[in-house]
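Examination of the molecular architecture
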Amino acid sequence: MPDDFRIDPWGSSVLYDEDYERLIKEFGIQEVSFTDKEKMSTNRFFRRKIIFGHRDLDAIFKAIDNKKPWAVMSGIKPSGPFHLGTLTTALEIVEFQKMGAKAYYCIADIESYEDNGISYKDAEPDAVDNLADILALGLDPDPKKTYIWRQSEERIVKDVAFKVGRLVTQNMVNAIYGEKPFGLYLAALIQVGDIVLPQVLDGPQPTIVPVGIDQDPHLRLTRDLTRRYYKNFFVPGATYHKLLQGLDGSDKMAKRNPNSYFDFNESLESIEKKIKGAFTGGRKDKKEQEQLGGQPDICMIYKIEMYHFEEDDKKLEEIYKKCVSGQLMCGDHKNHCVEKVLKFIKEHRKKKEKLIDRARMLLNIE
Ligand code: SF4
């Protein structure tokens, strides 16, 4: 990572293991401790070290212990269907809601306009589709447990952007984001509004924002502005997960490289083909695999199972052991993985179909 390295929340930051360590040190992210993991033992992202760092998670534990309200806030940019990356954040929100948080879920249509040029109107079908996805994954839309908004329709987030905007200088945004179109700086201020919305709406309370590490610049900006403008608020915290690399072995899942990921609306045949073509840690032939064993740590089949498609820790451990000891062959493993993924996708689609109207209603979209 070069000295002037900046993470770009709208761009294509590629991060390696040493980058995570450096980010932890340079930006004061706290490492997930053994006790954190114990307290979060129901959450596989913590157990499996996919969530590797956080800011102010302790405030959440305190709120839980003292039976005080707390919030989980996150959202989605409505610019396409759910995929493996958005799935991670969505499941984290659902998990925190199950632990007692009120969930605040934002449809970031101002951001999809500023970043991708998609009009608010054109973003509506994806907004409905994305919301139906997270409902199918288990988000409980009961208004006591969830608040959902579209940035373009939510006065609070626009007000916050103007209020904190007077504390923001060109130097600050340049240092955090580098040189960007002005609209993206505005979208960043709207995101500050999204993150403090739970406290503006329902009073001061600890808030956790589960994100991929590439979104940390928004958290740093929000934390700084919350300290300076909303002095009676809790400074919003965050959990950080590691980003999945591309299925095909490329550095990152990216839209311009369709083999690097699959989305939830893709044909089952296409998903199967991509999984079968995924990059593995396998050896050049069967004999060598039996002698040397495979390398699950660099294998995308193992990784997508670890993130999403193998719930059972014991089974996952078994897969790992069988791979490194040369008892598992990549072809067989890929076939099993295809079965698991397609089963998940089919069940998910069935649940989601029934939730489309609910999503429309929640977003007030005809
Ligand atoms: S056997 Fe499975 S986990 Fe091991 S390298 Fe091959 S595909 Fe990956």
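What you see is a predicted model, and the numbers here were worked out from it, not measured in a lab.

Remarks on the overall build of the protein
The helix and strand inventory of the protein stands at 17 helices and 7 strands. Each of the three principal axes of the protein carries a C-alpha extent, and together these read 65 × 45 × 45 Å. In the protein, which comprises 366 residues, the share counted as buried stands at 41%. The contacts of the protein with a sequence gap of at least 6 include a subset with a gap of at least 24, amounting to 75%.

Considerations on the domain arrangement of the protein
When cut into domains, the protein gives domain 1 (17-243) and domain 2 (258-353). Contact residues are listed per partner, giving 13 residues for domain 1 and 13 residues for domain 2. Counting only elements with at least two residues in the side of domain 1 that touches domain 2, the list comes to α5 (84-98) and α7 (120-136). Here the residues of the side of domain 1 that touches domain 2 sort into 7 nonpolar, 3 polar and 3 charged.

A look at the site of the ligand
Among the 13 residues in the neighbourhood of the ligand, the closest are listed as Gly294, Cys299, Cys323, Cys330 and His333. Secondary-structure elements contributing two or more residues to the shell around the ligand are α14 (300-309) and α16 (330-353). Residues of the shell around the ligand, tallied by class, amount to 7 nonpolar, 6 polar and no charged.

Some details on the nonpolar core
In this structure, Val72, Tyr105, Leu131 and Val192 are the most contacted members of the largest nonpolar core, which totals 91 residues. Per-element tally for this core: the top contributor is helix α10 (residues 182-202), with 9 residues. The two domains that each donate at least three residues to this core are domain 1 (17-243) and domain 2 (258-353). Among all residues touching Val72, those that are not within four sequence positions of it are Ile93, Phe96, Gln97, Ala101, Ala103, Ile208 and Pro210.

A word on the environment of Glu124
Note on placement: Glu124 falls in helix α7. A tally of 19 C-beta atoms within 10 Å means that Glu124 is categorised as partly exposed. The sequence separation of Glu124 and Ala103 amounts to 21 residues, and the corresponding C-alpha distance is 21 Å.

Quick look at the sheet that holds strand β4 (residues 102-107)
As summarised here, the arrangement of the 7 strands in space is β1-β2-β7-β6-β3-β4-β5, forming an open sheet in which the pairing is mixed. Taken across any chain shown, the strands that pair with only one partner, and hence form the sheet edges, are β1 (30-31) and β5 (146-150). Across 6 bridges, the pairing between strand β3 (residues 71-76) and β4 is parallel. Residue Ala71 lies in a different strand from β4, and its bridge partner there is Lys102. The strands that α10 touches are β3, β4, β5 and β6 (207-212); relative to β3, the one it contacts most, it runs at about 140°.

Describing the packing of helix α6 (residues 109-116) against α10
Put simply, α6 and α10 touch, their axes get as near as 9 Å, and they point 165° apart. As judged from the angle between their axes, α6 and α10 are roughly antiparallel. Seen from above, α6 lies across α10 with left-handed handedness. Mapping the contact onto sequence places Ile110, Glu111, Glu114 and Asp115 in α6 and Gly183, Leu184, Leu186, Ala187 and Ile190 in α10. Its residues assigned to classes, the contact of α6 with α10 shows 5 nonpolar, 1 polar and 3 charged.

Rules and cut-offs
- Residues numbered from 1 in each chain as written.
- Predicted model: local features only at pLDDT ≥ 70, side-chain atom pairs only at ≥ 80, totals over all residues.
- Helix = DSSP H or I, 4+ residues; strand = E, 2+ residues; numbered from the N terminus.
- Buried ≥ 20, exposed ≤ 12 C-beta atoms within 10 Å, placed from the backbone.
- Contact = placed C-beta atoms within 7 Å.
- Domains from an automatic or database assignment.
- Nonpolar A, V, L, I, M, F, W, Y, C, P; charged D, E, K, R; others polar.
- Near = placed C-beta within 6 Å.
- Core = buried A, V, L, I, M, F, W, Y, C linked by C-beta atoms within 7 Å.
- Pairing = 2+ DSSP bridges.
- Axes fitted to C-alpha atoms, helices over the stretch in contact; angles between N-to-C directions.
- Parallel < 35°, antiparallel > 145°, perpendicular 65-115°, else oblique.
- Left-handed = near helix turned anticlockwise from the far one by under 90°.

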